[in-house]
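Observations on the three-dimensional arrangement
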Amino acid sequence: MIKRKNMIKRKNMIKRKTWQGGLLYISIMALALLTLLPIVLLVTNSLMSGREIVSRYSMDITVFNVLNTEYIKAGDAPFHFVEMTFLPDYITFYQYFKLFFKSPEYLRLFWNSVILCVPIVVGQCIISVPAAYAFERLQWKYKEHLFFIYIIVMLMPTQVLLVPHYLLAEMVTLPPYLAIILPGIFSPLGIFLLRQQLKGFPHECLEAAQVDGAAHGNILYHIVLPNMKPSVAVLVMITFADYWNIVDQAIVFIKNVFDEPMSIALSKVMQNDTGMFFAMACFYIVPIVVLFMACRDYISQELSFVGVKN
Amino acid sequence: MRIRKGWVLIGIIFLLFVVGCTIYSRTFYQWNLPKVEIMAPRSGTLLLGQYDVRSVSKKEEGSGGFTHSTQILLPLTVNYFYVDDEAEVTLTGIRNSTRKGRVTSITNTKENLVLTIGFHAENFADGESVDVSIMKETIPLSNIMPKSALHEDDKGAYLFVVTKEQGTWGREYVVRRMDATVWASTEQEFSVSSTIEYPVVFASDSKLADGQQVRFYP
């Protein structure tokens, strides 16, 4: 009898758990969908015709939105509300066609961003790995003091460092791109990140290699680097995302509008060529999504191992 | 644990696609630019008009002796001759010699402009025929261009000059409207009063607008 009672109780608990789990699952899914909405909106709206985008999202009164205009009071200029929608009236790929085949100026913006990002990402990987190794494994005077300064610099907001960077670039007459790329390459974030990772690296392996007569270069190249791929992948991802979405430095350093990266130009496209905005925004997010998806395994591993030592 | 090769492939295909699109759209854009022909304005004089007319001479007795004159008829539209302008008078017949003459008076009839040209000739009878050659040039000018370079709209006369400006893909040739005041003009050429520092467009294969990027005829 008692056994039977216990079984019923357990069944009820499982049922309750299942019901609660389902509710939780639905809630999480709903939240996930909610966070996805802007991207869905972006993609579906990029399939609108330019005319529809202008009539829905710009402030202009056109023949296509004049019927939806409002007046605050009689005599005022008419205005219309933004008419957001997920489904276009007509689906067209013309915005993409225009972007890729008829607008070399927009493609130039993409290449501007690539020219800005790739050297920084590559340079930071080249600099950060040996620097982090030197900080962690080599013994030299004032090492910790210098690393402390690195951390201080890392904690400073970008806007604080902009003025010194600008003054320095003016003093040595650096070209605008180089004035952004050089501080980017020597950013302390990468060194900090990789050093933290190296702290968890089994020192016995390195010491064994040293006992076998391996030089630091060999140890770094053959032992440390192959084991730090996830950290480097995270570094690549973070740096790329950071500089792909660059705004502050680009506004300050780049004077010529044709040299601006896509991140800045997007806002201008919204003002000057509203119809192109959504297609361009979709185009803008592709590289970062592809990079993330390619390094997804490394990033998941790195994030799951954070805090686990040895 | 590895980099997902499928996504790397997608990334490479995406990059190659963008490279291809960039090359295509850039070339397409470049090929479809209006083509223009340019020139530098020349210096020199403009020939406003030249007339060779056979006329009859007239001999009159004045205080200083005999004077000869002849009258030539020009269209009423001619407005650039003034009193004291030089003319070349060739005495026809057996003499066949050339003398310098001057415009002594200009009068209008209903249909013509009458220029009276006085000249000196010894022993030249009244009523003999002469060949008069008269021409008028401007003072030396520095900005002479063909008439095809001159455009006109409600705001007045203007030229298109080509400037080199920073464009999307580097330095580009752009046409700029330049308002101009015509100083002197003939049927073929004209001159403007302002200084022109850039090459002037005198022919194009399509209608131009201020700020338009162009390319040159090969």
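Computed from a predicted model, the values in this text were never measured in an experiment.

Cut-offs used in this document
Residue indices follow the written sequence of each chain, beginning from 1 at its first position. Going through the entries in the order they are written, you letter the chains from A and number the ligands from 1. Residue-level local features of this predicted model are given only where pLDDT is at least 70; pairs of side-chain atoms are given and counted only at 80 or more, and the full residue set underlies all totals for whole chains, interfaces and linings. Secondary structure elements follow DSSP: runs of H or I no shorter than four residues count as helices, runs of E no shorter than two count as strands, and numbering proceeds from the N terminus. This radius of gyration counts C-alpha atoms alone. The globule rule is 2.2 Å times how many residues there are, raised to the power 0.38. Whether a residue is buried, exposed or partly exposed follows from its count of other C-beta atoms within 10 Å of its own C-beta, namely 20 or more, 12 or fewer, or something in between, respectively; the C-beta atoms are built from the backbone. Along the chain, pLDDT gives the predictor's confidence residue by residue, from 0 to 100. Any two strands with at least two DSSP-identified bridges between them are counted as paired. Structural elements are reduced to axes, namely lines fitted to C-alpha atoms, with helices fitted over the stretch in contact, and the angle between N-to-C directions of any two is expressed from 0 to 180 degrees.

Examining the overall build of chain A
Summing up its helical and strand segments, chain A has 15 helices and zero strands in all. At 27 Å, chain A has a C-alpha radius of gyration far larger than the 19 Å of a compact globule built from 310 residues. A burial count over chain A gives 28% of its 310 residues as buried.

A word on the confidence of the model for chain B
The predicted model of chain B averages 84 in pLDDT, with 98% of residues at 70 or higher. Under the prediction, the complex receives an ipTM of 0.77, its pTM being 0.71.

Examining the pairing of strand β7 (residues 112–119) of chain B
All names here are of chain B. Alignment of strand β4 (residues 65–75) against β7, held across eight bridges, turns out to be antiparallel. Looking across to β7, one finds that Gln 71 is bridged to Thr 116. By the bridge criterion, seven bridges tie strand β6 (residues 98–108) to β7 in an arrangement that is antiparallel. Note on β7: the bridge partner recorded for Ile 106 is Leu 115. Counted along the chain from β6 to the antiparallel partner β7, the turn is three residues long.

Brief notes about the sheet that holds strand β5 (residues 86–91) of chain B
Spatial strand order, β3-β4-β7-β6-β5-β8 (chain B): six strands in a closed barrel with antiparallel pairing. This sheet shows a mean twist of 35° between the axes of neighbouring strands, independent of strand direction.

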